[in-house]
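Chain residues, written in single-letter form:
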Amino acid sequence: MAAAALTTAEDYEGDYDLDDDFDDDEDDCNFSSETVLGDTVDYSHRNISILDPNELLTLVKNPNRIKNFQLNSNQLLTLPSQIEQFQSLVTMELSNNQLVQLPAELSLLKNLKNLYLKNNSLDDFSLPKELELLKQLEVINLGGNRLKQFPYQLFQMINLKEVYLGSNQIAFLPDLFQTLIKVEVLYMGGNQIGNVPDSIGYMRSLVVLNLSGNRLRTLPRSISRLGRLKSLSLHNNQFSALPPDIIRLDLQELSLRNNPLVVRFVRDLTYDVPTLKELAGRTIKLHKICYDDQSIPRSLIEYLNAAKSCLNPKCKGVYFESCHKNIKFVDFCGKFYLPLLQFLCSPACTSTPTFQMTSSDSDDNSDDVPNKDMSSKFKKVLLG
Amino acid sequence: MTETLLNTNMHDIHDIQLIRQKCVDNTAHLSTHPKSLNELIELLYEAFATNDVNIDYVHTIMNNYKGNVKEWAPFLKFQPNKYTRNLVDAGNGKFNLMILCWAESQGSSIHDHTNSHCFMKCIQGTLVETKYAWPKDGGENTETPMEIISRTELKDGKVAYINDSIGLHRVENPSHTDTAVTLHLYVPPYSHCSVFDERTGRTKEAHVTFYSINGLLTPSE
């Protein structure tokens, strides 16, 4: 696909640190006249561990005119509060330092759109609460830090387009993603995430979702609502099967390597015998028996309303807690058979015996699997 | 190696010289330390001038070439969904020199090299190369997980070499924060290869394309 297809392509190219080659033998120069060029201040690769505000403001006569501040690849631990004077700042490049704390004054930069904080020593306490005031922020890169929690401030930054949180220690994602409706790129690779919350389905602008290198075994069904999602990275996780909703997505790239994907059916897929309550509930729903709060307790009404439909379209049945997990192999773009996990109300709902690998026979068309139309849609999906 | 011959007439010397020419290294006069990307390309054209290609020499200059980011800039094109292949020089059809750009966590499928030599030099970041054994041919329906032969890390200009007799491989950028860039040389070039499913050993043919040629994006399909 050409670069024009994804708006983030240009941002990606800008990410490349042009000073960063392995053949590096730069002089250890300090603040020279080349430092300030137009609306850009370049203090990168200067070996500085403290940004002296007096020196800075001596050299930069009009800090309020500066739009671009490059401070990457130094040894900075923090920033001085005088950073507040750079009121026109659009891009702040602080990657590859040793930052342990950000000043609250950073939140006063009302024009800041791009904040790069990659490869520092930031933990959950390093980000001031005030950061949530950066409501015009579009790109934030916090990759390669020491975050154990997803920074709550990000949920307030409603104009965010790209969020990079790779290589941290985040184990839990709060169910608050519904505010991030403009986010196009969400990079969460290399953390310890065990579960993706439902609210991810509200991220309707999402084009690229990277969940590689985590501890995921499943995805929420709401993933099928991400109509603009083109790239889904699930490699290096614990998926043994995939949710069938994945078929509804219009993906160009799906990475699945290094997952314990089931190759053959496991004959002893357990099926917990349903409770009497469940069986009664199923019967009521199947026979469309009327119920209301005059006839049964409120709690049972809620229970009955929570019935889930069996995925087998031929079956009108429902299930509550007890369901049969069936693994159906689907030929993905004519390449490989991938296991999709289906929730059915009973083993009888599978159209083919569980120990056979499905092939393109007539049974396939009746089930919730891609027909010829869909598999041509996935022709360009790159797997493996 | 030099030798002085005595007591021979002119006729014999001419024949001997002809024979010598075939044995003598036809790259001996060439530099082994290209100082720029353009010089590397020039030396490659020289090395490929005849049909006798000295593969050791090619490996040497790939290894010794250092280069810098400014030279590679026109070919550094990253995409968020897949690594990109950017042709640098088509080598008159005898070789292909290209730069591959791997954004964070991007990796290739397991693939072969269609009877070509493949040199891969890491010029930015870190790559992990996992080599796999060819699946044993057990017939159409057998499914056996593929066997890993080795896993090596490539960085700081290191060159990896592979061809079909050595095995298959997968290349990945293991970093979740930094990009990686590799310089590839294929001798001869190829446009199709086979990709393999790690879990089953099943294979399928794949068409190999360029994201850009000489710095210009190729039209999308």
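Remember, predicted model here, so these are calculated numbers, not experimental data.

A look at the overall build of chain A
Of regular secondary structure, chain A possesses six helices and 15 strands. Split into buried and exposed, the 384 residues of chain A put 51% on the buried side. Just so you have it, chain A exposes about 18200 Å², and 50% of that area is on carbon and sulfur atoms.

Structural notes on the environment of lysine 82 of chain B
With respect to the element layout, lysine 82 of chain B can be found in the loop between α4 (69-72) and β1 (84-89). Along the primary structure lysine 82 of chain B and histidine 59 of chain B are separated by 23 residues, whereas in three dimensions their C-alpha atoms are 28 Å apart.

Points about the confidence of the model for chain B
Residues and elements named next belong to chain B. When pLDDT is averaged along chain B, the result is 88; 86% of the residues meet or exceed 70. Low confidence marks residues 1-5, where pLDDT is under 50. Its contacts with residues over four positions away, or in another chain, come to three contacts. What the predictor reports for the complex is a pTM of 0.77 with an ipTM of 0.85.

Things to note about helix α2 (residues 37-47) of chain B
The α-helix winds at 3.6 residues per turn, so residues separated by three or four positions along the chain end up facing the same way. For α2 of chain B, the complete set of buried residues consists of Leu37, Glu39, Leu40, Ile41, Leu43, Leu44 and Ala47 of chain B. Lining the buried residues of α2 of chain B we find α3 (55-64), α4, β1, β2 (96-102) and β9 (180-187) of chain B.

Comments concerning unusual backbone geometry
A cis amide bond links valine 187 of chain B to the next residue, proline 188 of chain B, at an omega of -10 degrees. Within the fold, proline 188 of chain B resides in the loop between β9 and β10 (192-196). Although it is not a glycine, asparagine 258 of chain A adopts a positive phi angle of roughly 55 degrees. One can find asparagine 258 of chain A in the loop between β11 (253-255) and α3 (276-286).

Focus: the packing of α2 of chain B against α3 of chain B
Residue and element names in this part refer to chain B. Running from amino to carboxyl end, α2 crosses α3 at an angle of 180 degrees, the nearest separation of the two axes being 11 Å. The pairing of α2 with α3 is recorded here as roughly antiparallel in orientation. Contacts between α2 and α3 involve Leu40, Leu43, Leu44 and Ala47 from the former and Tyr57, Val58, Ile61 and Met62 from the latter. Classifying every residue of the contact of α2 with α3 gives eight nonpolar, no polar and no charged.

Focus on the sheet that holds β11 of chain A
All names here are of chain A. Across the sheet, which stays open at both edges, the 11 strands sit in the order β1-β2-β3-β4-β5-β6-β7-β8-β9-β10-β11 with mixed pairing between neighbours. Two strands close off the open sheet at either side, each with one partner strand: β1 (36-37) and β11. Alignment of strand β3 (residues 68-70) against strand β4 (residues 91-93), held across three bridges, turns out to be parallel. In the strand pairing of β4, asparagine 68 is matched with threonine 91.

Quick notes on a nonpolar patch on the surface
On the surface, a nonpolar cluster with roughly 310 Å² of combined accessible area is contributed by Tyr152, Phe172 and Leu176 of chain A. On the accessibility criterion, leucine 176 of chain A (33% relative accessible area) is partly exposed.

What to know about the UniProt feature "binding site: Fe cation" (unreviewed entry) in chain B
All names here are of chain B. The residues that UniProt annotates with the feature "binding site: Fe cation" (unreviewed entry) are His111, His113 and His169. With the annotated positions falling across 59 residues, the maximum pairwise C-alpha distance of 9.2 Å places them together in a single cluster. In this fold, histidine 113 is placed in the loop between β3 (110-111) and β4 (117-124). What histidine 113 contacts, discounting residues up to four positions off in sequence, is Cys118, Ile162, Asp164, His169, Tyr186 and Tyr190. Relative accessible area serves as the criterion here: at 2%, histidine 169 is assigned to the buried category. In this structure, histidine 169 is in contact with Ser109, Ile110, His111, His113, Met120, Glu129, Thr130, Lys131, Tyr132 and Ile162, ignoring residues within four places of it in sequence.

Some thoughts on the packing of aromatic side chains
Residues and elements named next belong to chain A. Following the criterion strictly, the structure yields 12 aromatic pairs over all chains and no others. Plain terms: the ring middles of tyrosine 43 and phenylalanine 69 are 5.9 Å apart, the flat faces sit at 75 degrees to each other, and that makes the pair edge-to-face. Of this pair, tyrosine 43 sits in the loop between β2 (40-42) and α2 (53-59) while phenylalanine 69 sits in strand β3, placing them 26 residues apart in sequence. Here the two residues tyrosine 43 and phenylalanine 69 agree in accessibility, since each one is buried.

Re α3 of chain B
Residue and element names in this part refer to chain B. Burial in α3 covers these residues: Tyr57, Val58, Ile61 and Met62. Buried residues along α3 cover an arc of 135 degrees about the axis, so they all sit on one side. Looking at the packing, one finds that the buried side of α3 touches α2, β2, β4, β7 (159-162) and β9. The opening residue of α3 is asparagine 54, an N-cap whose side-chain oxygen sits 3.1 Å from the backbone nitrogen of aspartate 56.

Topic: the sheet that holds β4 of chain B
All names here are of chain B. Ordered in space as β7-β4-β9-β2-β1-β12-β13, the seven strands form an open sheet in which the pairing is mixed. A strand with exactly one partner marks an edge of an open sheet, and here the two such strands are β7 and β13 (216-217). For β2 and β9, the ladder comprises seven bridges, and the chain directions are antiparallel. Bridge pairing links tryptophan 102 to alanine 180 in β9. The strands that α3 touches are β2, β4, β7 and β9; relative to β4, the one it contacts most, it runs at about 10 degrees.

Details of the pattern of salt bridges
In the structure shown here, the tally under the stated rule is 10 salt bridges over all chains. In this structure, lysine 129 of chain A and glutamate 132 of chain A form a salt bridge, with 3.0 Å as the shortest nitrogen-oxygen distance. Overall, lysine 129 of chain A belongs to the exposed group, its relative accessible area being 57%. As a salt-bridge pair, aspartate 197 of chain B and arginine 199 of chain B come within 3.6 Å of each other at their nearest N and O atoms.

Let's talk about the environment of glycine 194 of chain A
All names here are of chain A. Here glycine 194 shows up in the loop between β8 (185-187) and β9 (208-210). Each C-alpha atom of the pair glycine 194 and asparagine 214 lies 6.9 Å from the other, and the pair is 20 residues apart in sequence. Ignoring anything within four residues of it in the chain, the contact list for glycine 194 reads Ala171, Arg215, Leu216 and Arg217.

A word on the environment of tyrosine 303 of chain A
Residue and element names in this part refer to chain A. Tracing the backbone shows tyrosine 303 in helix α4 (residues 298-305). Classification of tyrosine 303 as buried rests on a relative accessible area of 11%. For the pair tyrosine 303 and phenylalanine 320, spaced 17 residues apart in the sequence, the C-alpha separation amounts to 8.0 Å. Beyond its immediate chain neighbours, meaning those up to four positions away, tyrosine 303 contacts Lys277, Glu278, Phe320 and Glu321.

Section: the packing of α3 of chain A against α4 of chain A
All names here are of chain A. Look at α3 against α4: their axes get within 10 Å of each other, and the N-to-C directions meet at 70 degrees. Here α3 lies roughly perpendicular to α4, going by the angle between them. When the axes of α3 and α4 are compared, the crossing they make is right-handed. Contacts from Lys277, Glu278, Gly281, Ile284 and Lys285 in α3 reach Leu300, Tyr303, Leu304 and Asn305 in α4. When its residues are assigned to classes, the contact of α3 with α4 shows four nonpolar, two polar and three charged.

The rules we used
Starting afresh in each chain, residues are numbered from 1 along the sequence in its written order. As a convention, the first chain written is A and the first ligand written is 1, with the rest following in written order. This being a predicted model, a pLDDT of at least 70 is required before a residue's local features are given, and a value of 80 or more before pairs of side-chain atoms are given or counted; all residues contribute to the totals for chains, interfaces and linings. With hydrogens and water set aside, each side-chain value is computed from the structure's full complement of heavy atoms. A run of H or I in DSSP becomes a helix once it reaches four residues, and a run of E becomes a strand once it reaches two; helices and strands are each numbered from the N terminus. Think of it in three bands: residues with accessible area under 20% of the maximum for their type are buried, residues over 50% are exposed, and the middle band is partly exposed, with areas taken using a 1.4 Å probe on protein chains only. Shrake-Rupley sampling with a 1.4 Å probe provides the accessible areas, and residues are treated as covered by the protein chains on show and by no other component. Confidence of the predictor at the level of single residues is given by pLDDT, which spans 0 to 100. Only heavy atoms matter for contacts: two residues are in contact if any of them lie within 4.5 Å across the pair. Angular values range over 0 to 180 degrees, each being the angle between N-to-C directions of two axes fitted as lines to C-alpha atoms, with helices fitted over their stretch in contact. Oblique is the label for any angle not covered by the other classes, which are roughly parallel (under 35 degrees), roughly antiparallel (over 145) and roughly perpendicular (65 to 115). Side-chain classes follow a simple rule in which Ala, Val, Leu, Ile, Met, Phe, Trp, Tyr, Cys and Pro form the nonpolar group, Asp, Glu, Lys and Arg form the charged group, and the remainder, Gly included, forms the polar group. One bridge is not enough; two strands pair if DSSP finds at least two bridges between them. Without a salt bridge and with relative accessible area above 30%, a residue can belong to a patch; like charges are then joined within 9 Å and nonpolar side chains (Val, Leu, Ile, Met, Phe, Trp, Tyr) within 5 Å. Each salt bridge in this description consists of a side-chain nitrogen of Lys or Arg and a carboxyl oxygen of Asp or Glu lying within 4 Å of one another. UniProt positions are given in the numbering used here, feature names are shortened, and annotations may be inferred rather than shown by experiment. Put simply, two rings from Phe, Tyr or Trp (the six-membered ring, in Trp's case) pair if the centres are within 6.5 Å, and we call them stacked under 30 degrees between planes, edge-to-face over 60, tilted for the rest. Taken from the helix axis, the directions to the C-beta atoms give the arc we talk about. Pairs of N or O atoms are called polar contacts if they sit within 3.5 Å, as long as, within protein, a hydrogen donor faces a hydrogen acceptor (for residues adjacent in sequence, only side-chain-to-side-chain pairs). By definition, turning the near helix anticlockwise from the far helix through less than a right angle yields a left-handed crossing, and turning it clockwise yields a right-handed one.

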